[in-house]
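# Close look at the chain arrangement
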Amino acid sequence: MEESNLVFALNGQRVELKDVDPQTSLLNYIRDETDCKGPKRGCGEGGCGSCVVLLSKYDPGSKQVEEFTINSCLAPVCSIHGCAITTTEGLKQETEPHAVHTRLAGFHATQCGFCTPGMAVSIAASLRKCSRKTQHGGTIGQPTSVETENFISGNLCRCTGYRPILDACKSFAADVDIEDLGVNTFWKSSDEAHSEKSALRPYQPETDPQFPTFLKDYTGKPLHVTSGQLGDEKTWRSASTLPELFEIYQNESIEKKRDVQFVVGYTSSGFYKDFKPSVCIDISRIPELQCLVQTDSALEVGAAVSLSKLIEFLDDSRGPVFPQLADHLRMVASQHVRNRGSVGGNLIMTQKHGFASDVATILLGAGSRVTLASAEDSTVTDLEDFLAGQSPQTSILQSIHIPTWAKSENSSDRVFFRTYRSSPRSSGNAVSSINAAFLAVLQTSTPSGHEEPGSKVLHLRLAFGALGCPLPLRAGKTEKYLTGKVVSVGVLREAVRILREEIASSARDDKLHTAEYRESVGVGYLFQFFKPFITEVNLDNPPSYGSGVDAVSDGGPTHTFGNGNSTVVNGSVEKVPTRDGGPTENGAHRFANGNIAVENGSADKESEVRSFGRSAHKLDRREGFMGKQTFPVSNKFYPVAQPTGKIGAVLQATGEAVFVDDIPLPKGTLHAAFVSSRKALAKITSVNAAKALASPGAASFITVKDIPPNGQNAGKIDYFGGPPDKVFAEDFVGFVGHPLGVMVADTYEHAVQAAAKVEVEYDDTTLGPPILSLEEAAAKSSFKISKFAFLGSASVGDVLEKGDYRIENAEVYAGGQYQFYMEPQTALAVPDEDSCITVYSATQGPEFVQTSLGVALGIPLHNIRVITRRLGGAFGGKTTKSQQVAVACAWAAFKLKRPVRMTLDRNTDMEYCGGRHESKAKYTVEFNKDGKIMSLDTSVLMNGGFENNVMDEMGIFLVQSMKCYNWNSWRHVTKVCRTNLPDRGMMRAPGEIQGKFFAESIIEHVASFLGLDPTKVREVNLHTHESAKKFYGPVAAGPGEHFTPPKVWERLKGSSNFEVRKVSVQEFNQKNMWVKRGISIMSLLYPNMQYRRLGRVTVYGDGSVVVESGGTEMGQGLFTKVQQAAAYGLSRLWGENVDGQVPLSKIRIVQNDTISLGHGSITAGGITSEGTCEAVVNACNTLVDTLRPVLLELQSGTAESVSWEAVVKKAKMKSLPLSAQDQQRKFGSETQYIVCGAAVSEVEVDILTGGVRILQTDLLFDAGKSINPAVDIGQVEGAFVQGIGYYVTEEIKWDENGVLLTNGTWTYKPPTPDNIPHQFNVELLNSAGDPNRFLSAKGAGEPPLLLATSVHNAIRQAIKAARADVHQLQLLTNDGDSKEEKDRATSHFVMHSSATMEPVKKLCGLYNVDQYLEWLSRNKS
Ligand SMILES: Cc1cc2nc3c(=O)[nH]c(=O)nc-3n(C[C@H](O)[C@H](O)[C@H](O)COP(=O)(O)OP(=O)(O)OC[C@H]3O[C@@H](n4cnc5c(N)ncnc54)[C@H](O)[C@@H]3O)c2cc1C
Ligand code: FES
Ligand code: FES
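Computed from a prediction, not measured in an experiment: that's the story for all the values here.

A word on the site of ligand 1. As a matter of local geometry, ligand 1 sits amid 35 residues, with Phe262, Thr267, Ser268, Ser342 and Asp358 nearest to it. Take Thr267: an N or O atom from its side chain is 2.5 Å from an oxygen atom of ligand 1. Notes on ligand 1: free accessible area 970 Å², of which the protein chains cover 97%. For the shell around ligand 1, the elements supplying multiple residues, two or more each, are strand 8 (260-263), helix 10 (335-340), helix 11 (343-353) and strand 14 (396-403).

Below you can see the structure in the form of structure tokens.
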């Protein structure tokens, strides 16, 4: 009997729904229909993990409750019939946070907090699982430290850089040394006596939410739900048996002729978003599709078995292929997707849609077969044939049979099965750019007679997938060639040649990768597979190491490489010297008296140095990630300079922190979605919204015609006096994604659906072709004209001086980057009486939004209230585009006189918001033979996109950044190009990272030209105090005794053990052909300056305090620092050096509100905290002056100490003013200063795939006197990892029509824990006092991003080593090459900013395997 009501439990509460739209996602249901806002809408496509919830369901057979995490954005609400859902709110025990919540808060593992609810559920669910079963030798009930690193493998965090989240996870591990964990609020430092586990609240599984018993009645009951308008109904049905399924299918598809889709996990909806079938038939409960049976010959896997279940089963199965299959499957998607996604669903996606599947490839490699069932019969066929054909409409994939490949007992044949995948993240959630699975039956004994000794191939299967063509394939010709042969260098060389041809005939270029890259990596896989079976030579030795016959590999992989599972045969990793050797036993440099060894005489007596974490003994993945944080703590201005916990961190973890999209909506709120251009440059000939307005829930379509009479089409206002940037296109569109209007509807989903139905006609013949590149813009002189042309130019020295050598007109390219704040752009506009409006905006600049709204609506600013409580990350991206979103929303609200909310979906956000300016530098440099640069002449083109957005600022930032070396004399010009791409905006270190990259590239170029060590060239060009004055001016350079860069350099060189490690790297490279290492040290100089900041402090009668500031909280810890500053400022009532008379708990920092505190300006540049803290302390000073007579009066009457509350009470009775507002005393050019720091990074590059693993990074950052070192450590690490993303994982690509190809989590890859340094050491420096800044603090939010350039430099060194091998091979195989040619080839090469896998592989050589085998063949013959 089918049920018509959907029943489930949400956080223990029964939910019963009738008439629910079957395609409503669980996430949208929870967020839109309940008060539970923990699960966040970060991407809506399974790629970020911010929506993760725990699903529990009862299995009546085993009488067990099964539990796993899912992406609620991918699960239709109907699919959870009979299940219990737990969100982060549900983890709480009444009002008590869960242990996971407190650990995340205590380890400083939240910044903006948008990812945190998803993280909390993922960690809690993993702990729960471990409490039932612990694998790999962990203590029963507790995971091992390495296991905990996988807890968050499906969750993105854009703020923290992951290290603190990993530490929070590890704090639950059985085998962790508690003092090895990172900075936290539970104990004071690693060597504190009380750094024990008892400080941590334990995880208690027994307190976890239990499965509601009432749900057991619904287990397995089929559901039949239909809803929607007549003729457009949507139906959900579930089948319990195969006959029932065919009956439903017959009824819905054959008889009613409705489009029907079978559904198991529905995870394919993350990729194929547009397909919304009329009928979904849930087949996940059919027993035949859930079978998992192993016989002697095969494993039979039901098609609806989830990938996670299959992995568990394979782990417990025996045979040569199963463990490898399990290992590979662990890298498919994320744990949350694998928990729901089925094996069969994956194969059908591959068969029907050509999905770039791993599952299909590895099952093909393993020789699998499939069973198809129809109402009449069932058939068994090879997977290969199944994939290549079309299953009949009426049949279903029932099961998959994987042969065991068990050999007979006496056989000397051995079965080898290996799988490979190339992807930017080794733990998954990144589809592979190529994958493969090879199975060989080899006769490995030495035969008698005339045959060669070695391994003879008896049977071979070579499967490749994700080649850019629709289906995985077998390399039949290569298989044929190799079968029957004994594997030798010559045989392998010929096999490689054949395989190249085979892959080349099928592989294709696609959005992200070229066919030639795929071909080269595929050949590398074959080489890797057979390498261990070649006994005549050691195929890991580079040509320069000798003929390689002295050492022989023993086969079998010993080390899983970071990017994919390519293998490094023994010796390479194991024999690397340990990384220690620094000044202390664990590599950190500490000083007996606790002061920092920068001899600036400023480290105050009250300071102590605290240290957390430890260094790894070896840079080996198996040891897990290690981090070490060292920082000064001062008591002088208590509680300022203390590493206190972040305000609201627990609220963020429990999901109670309210973001704009979480605000409970006023009655009648409508939802808006942009209607955007699909052309890059075209006239708009017609816009027809009739169909869209007829679609369900549609209310109105707002365009330029709806702008109020006094308003303007204005989004971002140009504060330099130019015209504002428009929000809506008027007569023509200027880029793909250009908004034409907003569609407004009753729900978010309806708004998005209706927006897609607006019909727009264009004429793209009259305006000429769009300008899509810097080169096209330059050729057409399409430059943005700034009123301040000088902002983009610079000169130092009267003439460009000559040097011994000159490099002329060289070019290098720095790519773009998308901010990827986890909370997309959002605003809620609520119209009010008398033409007033309140807008809740996720913006970095509420005042700027207010100004834009004033112009756009044509109303005075006092009618406009903009409220910003917190942002889910911003990174510069919510400085200007947030204004456009707020304006569009407000126009709709004004016209319709109803509240309107607009939250961009991830794809629209990426398409619209533009990101960082990609740029190209041209340079001519003169230098002497020691590397000293005498002059530099640079011109830079920046791609500014369509509107003017931040064009003036970019030149300034780029120029400032390029001053980081002493060029002696310098001429520079920047031009910002106008193109038909979305206008680029601010992004953390805007223009600065490009400038730094160009500067470092020039240094590297000079070093290569001269054949010098780049470190030497850096050192001769580092700034002295004198040269810094010349380049930055005397104010920024400060007094000589405060100029720390040279000391920072020397100190890091010593503490990181740089010189010793450099030698180790060289030795490693001499012995290893296919893995190369590189190490680089780099300095940072980053000029900053203060802008005016405001603060207001109000004391209430009970002694509680509210602080308002202009600064917004977006995760950078501003509110936390401001709270500390206010506590310090008010405690000064008792004089200096008095410990916290006004505790932090008395002080609340409240949301920004432009009507309450105007002129708040914008929060950007990583400098707002210092200024705001000073403004707040100044306001406190006024209050202290008011309160001091009261204190004295009270003290005079008693010998007891007088409390804060008593003083306030008395002051209130006297009607004294208890509120004060103030600002900084100094700002503008007189507050210029230089932030400095240095980085050492060591990397390992997989020469066969181009994958990069960061082995170790040591950062030394001069934070001045840090207001909160824990917050600043978080900023340093988070910014650095974002910089890693810029160089190593993130790449923006457009097609030839200006369409963004990398518009979501499928194609755009911010870093995950896979990409961070395995050993990550960060030290903050307590440098000299500066009277111009609040307690001498320096901004830490942006500069550390530039330090990631050290990773790029190190990769370049590794590539150099690889290229030297390739050239050696060329020399050895081609006698004609001269020494000069060799030198030229191994010296300079142009390396653009993108060091993602494909460019790295290309620089290492696409043909190095072929060349190597060619050389060996000749050598041997
Ligand atoms: C974020 C993300 C990352 C991913 N990364 C990877 C990756 O790296 N490598 C990889 O290989 N895969 C990857 N995947 C794909 C993932 O493995 C599949 O989405 C999943 O296995 C599909 O299973 P499902 O049960 O959810 O299928 P559904 O979405 O329920 O169904 C998919 C299709 O199969 C049909 N179907 C399902 N079962 C049957 C059946 N028994 N008979 C006939 N038709 C059927 C459905 O009608 C539908 O057309 C990723 C997916 C996501 C969301
Ligand atoms: S919102 Fe579900 S994974 Fe991103
Ligand atoms: S704290 Fe993780 S995304 Fe902001």
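Attention now goes to the UniProt feature "binding site: FAD" (unreviewed entry) in the protein chain. As annotated by UniProt and renumbered to match this structure, "binding site: FAD" (unreviewed entry) occupies Ser342, Val343, Gly344, Gly345, Asn346, Asp358, Leu397 and Arg421. The annotated residues occupy 80 residues of the chain and do not converge on a single region, their most distant C-alpha atoms lying 25.8 Å apart. Position of Ser342 among the secondary structure elements: in the loop between helix 10 and helix 11. A polar side-chain atom of Ser342 sits 2.9 Å from the main-chain amide nitrogen of Gly345. The topology assignment puts Gly344 in helix 11. The class for Gly344 is buried, based on a relative accessible area of 5%. Dropping the residues within four chain positions of it, Gly344 is found in contact with Ala303, Leu397 and Ile400.

With that settled, the discussion passes to the UniProt feature "binding site: Mo-molybdopterin" (unreviewed entry) in the protein chain. Residues annotated in UniProt with the feature "binding site: Mo-molybdopterin" (unreviewed entry) correspond here to Gln844, Phe875, Arg988 and Gly1165. Taken together, the annotated residues stretch across 322 residues yet fold into one region, lying no more than 12.4 Å apart by C-alpha. Mapped onto the elements, Gln844 comes out in the loop between strand 32 (836-841) and helix 21 (846-857). Judged by its relative accessible area of 2%, Gln844 falls in the buried class. Mapped onto the secondary structure, Arg988 falls in the loop between strand 37 (970-977) and helix 25 (992-1010). Arg988 gets classed as buried once you look at its relative accessible area, which sits at 5%. Once you skip the residues sitting within four places of it in the chain, Arg988 turns out to touch Phe875, Arg916, Gln1275, Gly1278, Ala1279, Gln1282, Gly1341, Glu1342 and Leu1345.

Membership of the largest hydrophobic core comes to 243 residues, with the highest contact counts inside it found for Ile123, Phe464, Phe530, Val742, Ile837, Trp967 and Ile1355. Here Phe464 is in contact with Thr361, Ile434, Asn435, Ala436, Phe438, Pro472, Leu473, Ala475, Leu499, Ile503 and Gly522, once residues within four sequence places are set aside. Core analysis: the next-biggest nonpolar cluster, separate from the first, contains 41 residues, Val1107, Ile1149, Val1184 and Ala1337 among them.

Basis of the calculations
- Residues numbered from 1 in each chain as written.
- Chains lettered and ligands numbered in written order.
- Predicted model: local features only at pLDDT ≥ 70, side-chain atom pairs only at ≥ 80, totals over all residues.
- Heavy atoms only, no water.
- Near = heavy atom within 4 Å.
- Polar contact = N/O pair within 3.5 Å; in protein donor to acceptor, adjacent residues only side chain to side chain.
- Areas by Shrake-Rupley, 256 points an atom, 1.4 Å probe, with all protein chains shown as cover.
- Helix = DSSP H or I, 4+ residues; strand = E, 2+ residues; numbered from the N terminus.
- UniProt positions renumbered as here; feature names shortened; annotations may be inferred.
- Buried < 20%, exposed > 50% of the residue type's maximum accessible area, 1.4 Å probe, protein only.
- Contact = heavy atoms within 4.5 Å.
- Core = buried A, V, L, I, M, F, W, Y, C linked by side-chain atoms within 4.5 Å.

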